[in-house]
Amino acid sequence: MTPPTTIRRPGSATRWLEALPLGNGRIGAMVWGDPGRARFDLNESTLWSGSPTATQSRQTSAEDAKDALRQARELFAAGRTAAAQEQVRRLGAAWSQAYQPVGALEILAADAGGGPGTGGGPAVGASGTERVLDMERTEHVVETPAGPHRSFVSAADEVLVHTLPSAAGIELAFESPLVEEHRLESAGQLEVVVRAPSDGIPSHQSHLARTRWEEEGAARAAVVVRSRHEDGRVLVVCAIATTWQGLGRQPDRPVSEALDQAREQAETALSQGQEELHRRHLEHPLPGAHDVALALEGSEQAELLATTFAYGRHLLASSSRPGLPPATLQGIWNQQVQAPWSSNYTVNINLEMNHWAAGVAQVPAAAEALEAYTAMLREAGRETARRLYAAGGWTVHHNSDPWGYTDPVDGDPKWATWPMGGLWLERELDSLAGFSGEGAREIAERRFPALREAATFALDLLQEGEDGGLVTFPSTSPENEWITAEGTPVALTEGSGMDRWLVREVLSALVAAAALLERDADPVVERAQTALPRIHGPRIGSDGRILEWHADSPPEVEPRHRHVSHLGFLYPGTVSEKELDRAAAATLEARGDEATGWSLVWKTCLWARLRRPDKVQDLLELYLRPAETADGRERSGLYPNLFSAHPPFQIDGNLGIVAALAECLLQSHRGEIELLPALPPLMADGAVRGLRARPGIEVDLAWAGGALTALTLRAVGPGALGEHQVRCGERTLRVELSDLAPVEIPVAPLGGAAPVG
């Protein structure tokens, strides 16, 4: 049984959504695959509009925030929710910045017409070739009679490399939607410096000019292309360097330094030659790239599903690098100055979903990138917490960027006013740590300061509700609305279902860490211990569904809304009880299956947690369908290059599906290793290598007809040593891991056949 490692497409791409993605965590390239005129749409992860100071003049002051919250609380208590919401809207006054494209590089083979001995291969745009994205080797290849056209983004040498057969050399072209400040061209050589917008005003601010291009405060990118002809082939290398200075810092490095850096990288790479560059590329794979593989048998749909798993890992590894901005809404592949939702970070689900697979499916660089990014937000969000809420700790709202934007944006409170982003990011980092194999005390020691800060903010935000419990205010259930008795759609509530599960998880994690570290007397820990009994867990309404807002199931503006935030306690949270599981299932049934791409993924994760393979199957079929219909409409599904459709393209679906499929095969949140808990018909026969269970156990397993046939476990660190309970269906087995060596487990006691060989 062989895991899929390639994506194959006939002919060359005719549009961006047919091109195939390469990346090294910093440089991204969409490869169109025309052997006569190779096109690469280029990105660099640090090229963004604006800067840390681009919108500071528009921040809401502490005085205005205090007044707005006071009035909002009074109006809400008086039942005037719509008026209260208008006061809450005053908290947001600016916007986060936008991820930018670098431009399009084209390489024209001078003998592109092809023919005997010319090496160019088929004519430009010809359909007789096949382009292949090799995810194992992280390269793109187009085979022609004269030889391969090979492209890769080297992590070893920090350049895009393209090689092609040609007897007559090449011509270069480069265009960018950004402001061009410098260009130098000669035969087979190119240098360009482009300037990003000084302020990327988002599309929802339609009353303002959408983009500002002032020279001061804007980031620059230097693009340097070098080539040489040798032995009937051409080697082209492209280096990109920006004026980036680090997360949260002004992008004001001298552009001359960026240009010199790009020149040096390009010239050093060129001097190594084709074979050496390729060898170095293969010897320096992206972290975790080869550690996990899934194979499925039975149908073309099953094979496609396994391909999406490999593709999601390829995309995450290719778009997140420690110390740089983590994967955005589009990874590192964006072709627009004014991209959908600014191609930045939506913290109320999408940034977290991008990284759900980083632990269970071993993409360590992505986990480190999220951790470094969160550390930057902590620093920026402390001032926001004090200024807007007179609170300690830190906060980030629904939108952010690598400059450290943490305020609410100027917009509808139903999406803008959600101050719980810091808590969600901290619980995600806790979750990722749980797969590491570290000892519990070591994790607690490392995570305690961050949990303490997040808990401090939550505790300062809590207020006494009508029933004497503690609730957050202001509070929303991200992007959803309910209808007041007067018939008015509103989002504002107190203690939304999402807020309650996040606050409880973070406070509980802090208390548990304090117990391990013997820090129970810490004043924040004591406050958390006192508050926890007064914060409601998930609540069930009179209709049998999980309560989303403060009231018992008020009428919903959109009953089938894409967000299922109030079910987060089940996934990515870890709360599972029979009564709550029934209520969660009822909630999902009421929401329906049809949704955006990322929402299909979240629902798949939730149904997998509920051990419902029938519903998992329904959602996977929706996820795998073509996003573009015969009548020209778009829906959730997959674009021709397998990018996930919101629509439009958002990468969270591609990255999240890895976690969803892993959840069907392996769950470990209940204190045991549960195998094949939600196996749909599409996944009835298969094998997987390298998945991780908590507290850091590598799992290889195979199955046929839904029955387990082979199992190997390996502790990845000292924190995972000891006895573990393994479950498959109703049967359990105790397994002792005494060292870090792989242990083949007999599967007969778990209801499977004896391992082969």
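Please refer to the structure higher up on the page.
Definitions and cut-offs
- Numbering of residues starts from 1 in every chain and runs along the sequence as written.
- Per-residue local features are limited, in this predicted model, to residues with pLDDT of at least 70; the limit for side-chain atom pairs, both in listing and counting, is 80 or more; totals at the level of whole chains, interfaces and linings are taken over all residues.
- To obtain the side-chain values, all non-hydrogen atoms of the structure were included, while hydrogens and water were left out.
- Note on conventions: DSSP H or I runs of at least 4 residues are helices, E runs of at least 2 residues are strands, and numbering of each starts at the N terminus.
- Here the globule rule is a power law, 2.2 Å times the number of residues to the power 0.38, and the radius of gyration is based on C-alpha atoms.
- For every residue, the accessible area obtained with a 1.4 Å probe (protein chains only) is divided by the maximum for its type, and the residue is called buried under 20%, exposed over 50%, and partly exposed between those limits.
- The contact rule is simple, with two residues in contact once any of their heavy atoms fall within 4.5 Å.
- All accessible-area figures derive from a Shrake-Rupley calculation using a 1.4 Å probe, and residue coverage is judged against the displayed protein chains alone.
- In this tally Asp and Glu are treated as negative and Lys and Arg as positive; neither His nor the chain ends contributes.
- Where a charge lies is defined by one atom per residue type, namely NZ (Lys), CZ (Arg), CG (Asp) and CD (Glu).
- Where helices are involved, their axes are fitted lines through C-alpha atoms of the stretch in contact, as for all axes, and angles between N-to-C directions lie from 0 to 180°.
- Orientation is classified from the angle alone, with under 35 degrees giving roughly parallel, over 145 giving roughly antiparallel, 65 to 115 giving roughly perpendicular, and any other angle giving oblique.
- Working rule for handedness: look at the near helix, and if it is turned counterclockwise from the far one by less than a right angle, call the crossing left-handed; if clockwise, right-handed.
- Charged residues are taken to be Asp, Glu, Lys and Arg, nonpolar residues to be Ala, Val, Leu, Ile, Met, Phe, Trp, Tyr, Cys and Pro, and polar residues to be all remaining types, Gly included.
- In plain words, nonpolar cores are sets of buried Ala, Val, Leu, Ile, Met, Phe, Trp, Tyr and Cys residues tied together by side-chain atoms within 4.5 Å.
- Any carboxyl oxygen of Asp or Glu that lies within 4 Å of a side-chain nitrogen of Lys or Arg is treated as forming a salt bridge with it.
- A pair of strands is labelled paired if DSSP reports no fewer than 2 bridges between them.
- As used in this structure description, the phrase polar contact means that two N or O atoms lie within 3.5 Å; if the pair is within protein, one of them must be able to donate a hydrogen and the other to accept it, and residues adjacent in sequence are counted only when both atoms belong to side chains.
- In a helix, the anticipated span is given by 1.5 Å times the number of residues less one.

Colleague: Would you take a moment to explain the overall build of the chain for this structure?
Modeller: If you tally the helices and strands in the chain, you get 17 helices and 33 strands. For the chain, the C-alpha radius of gyration of 26 Å lies close to 27 Å, the compact-globule estimate for 757 residues. By principal-axis analysis of the C-alpha atoms, the chain measures approximately 85 × 70 × 55 Å. In the chain, which comprises 757 residues, the proportion classed as buried is 62%. Counting contacts in the chain only where the partners sit at least 6 residues apart, residues at least 24 apart contribute 67% of the total. Of the roughly 26100 Å² that the chain leaves accessible, carbon and sulfur atoms contribute 48%. Charge-centre separation for the chain: the mean point of 69 positive side chains lies 2 Å from the mean point of 101 negative side chains.

Colleague: For this particular structure, what's the right way to read the packing of helix α16 (residues 613-624) against helix α17 (residues 652-665)?
Modeller: If you want to describe how two helices pack, look at the angle between their axes and the distance between the axes. Their axes nearest at 12 Å, the elements α16 and α17 cross at an angle of 155 degrees. In terms of axis orientation, α16 runs roughly antiparallel to α17. When you trace α16 past α17, the crossing you get is left-handed. Here V616, L620 and Y623 of α16 come into contact with α17, specifically with G653, N654, I657, L661 and C664. Across the contact of α16 with α17, the residue classes break down as six nonpolar, two polar and no charged.

Colleague: Help me understand the nonpolar core, please; the structure alone is not making it clear to me.
Modeller: Side chains that are nonpolar tend, in soluble globular proteins, to be buried together. Within the largest apolar cluster, 205 residues are counted, with the highest numbers of intra-cluster contacts made by L42, W602, L675, M683 and L711. For this core, the leading source of residues is helix α12 (residues 497-517), giving twelve residues. W602 has contacts with I349, M353, W356, W424, V564, S565, G568, Y571 and P572, leaving out every residue within four places of it along the chain. V159, V161, V224 and L277 belong to the second largest nonpolar core, which has 17 residues in total.

Colleague: Before we go on, may I ask you to explain the pattern of salt bridges in this structure?
Modeller: Any two side chains of opposite charge can pair, on the condition that their charged atoms come close. Tallying each qualifying case throughout the model produces 59 salt bridges. Notably, a salt bridge pairs E180 with R183, separated by 2.9 Å at the nearest N-O pair. E180 gets classed as partly exposed once you look at its relative accessible area, which sits at 39%. Close ionic contact of D522 with R452 constitutes a salt bridge, the shortest N to O distance being 2.9 Å. Of this pair, D522 sits in the loop between α12 and α13 (523-531) while R452 sits in helix α11 (residues 440-461), and the two are 70 residues apart along the sequence. With relative accessibility at 17%, the residue D522 sits in the buried group.

Colleague: Even after reading the chapter, I still don't get the pairing of strand β17 (residues 293-297), so can you show me in this structure?
Modeller: Side-chain positions along a regular strand alternate between the two faces of the sheet. Most of β17 is tucked away, with four of its five residues classed as buried. Here five bridges tie β17 to strand β28 (residues 685-693), and the two strands are oriented antiparallel to one another. Directly across from E297, in β28, lies its bridge partner D685.

Colleague: Explanation requested: the pairing of strand β16 (residues 233-242) in the structure shown.
Modeller: Across the ten residues that make up β16, a large majority, ten, are buried. With burial as the criterion, each face of β16 is covered, one bearing R233, L235, V237, A239 and A241 and the other bearing V234, V236, C238, I240 and T242. With six bridges joining them, strand β9 (residues 159-165) and β16 adopt antiparallel strand pairing. Looking at β16, one finds that V161 is bridged to V237. Alignment of strand β15 (residues 220-230) against β16, held across ten bridges, turns out to be antiparallel. Within β16, the residue paired with V224 across the bridge is A239. Between β15 and β16, which pair antiparallel and follow one another directly, the connecting turn spans two residues, one of which, D231, has a positive phi of 55 degrees.

Colleague: Help me understand the sheet that holds strand β32 (residues 731-737) in this model?
Modeller: Backbone-to-backbone hydrogen bonds pair the strands of a sheet. The strands run either parallel or antiparallel. If you walk across this open sheet you meet the four strands as β26-β27-β31-β32, and the pairing is mixed. The sheet is open, and its two edges are formed by β26 (666-667) and β32, each paired on a single side. Where strand β27 (residues 673-675) meets strand β31 (residues 722-728), three bridges bridge the pair, whose relative direction is parallel. Bridge assignment links I673 to a residue of β31, and that residue is V726.

Colleague: Would you explain the side chain of H724 in this entry?
Modeller: In this fold, H724 is placed in strand β31. Look at H724 and you get buried, because its relative accessible area is 11%. Side-chain polar atoms of H724 contact the backbone oxygen of A720, separated by 2.6 Å. Leave out the neighbours within four places in its chain, and H724 touches I673, P695, I697, L733, R734, V735 and L737.

Colleague: What should I look at first to understand α16 in this one?
Modeller: Since one α-helical turn is 3.6 residues long, residues separated by three or four positions face the same way. For α16, built from twelve residues, the straight-helix expectation of 16 Å at 1.5 Å per residue is met to within 8% by its first-to-last C-alpha distance of 16 Å. Burial in α16 covers these residues: K615, V616, Q617, L619, L620, L622, Y623 and L624.

Colleague: Could you clarify how one ought to interpret the sheet that holds strand β2 (residues 20-23) in this entry?
Modeller: Spatially, the five strands line up as an open sheet ordered β2-β3-β4-β5-β10, and their pairing is antiparallel. The sheet is open, and its two borders are formed by β2 and β10 (170-175), each paired with just one other strand. For this sheet, the mean angle separating the axes of adjacent strands, direction not counted, is 25 degrees. Taken together, the six bridges between strand β5 (residues 99-109) and β10 define a ladder with antiparallel strand orientation. Bridging from a neighbouring strand, L108 pairs with E171 of β10.

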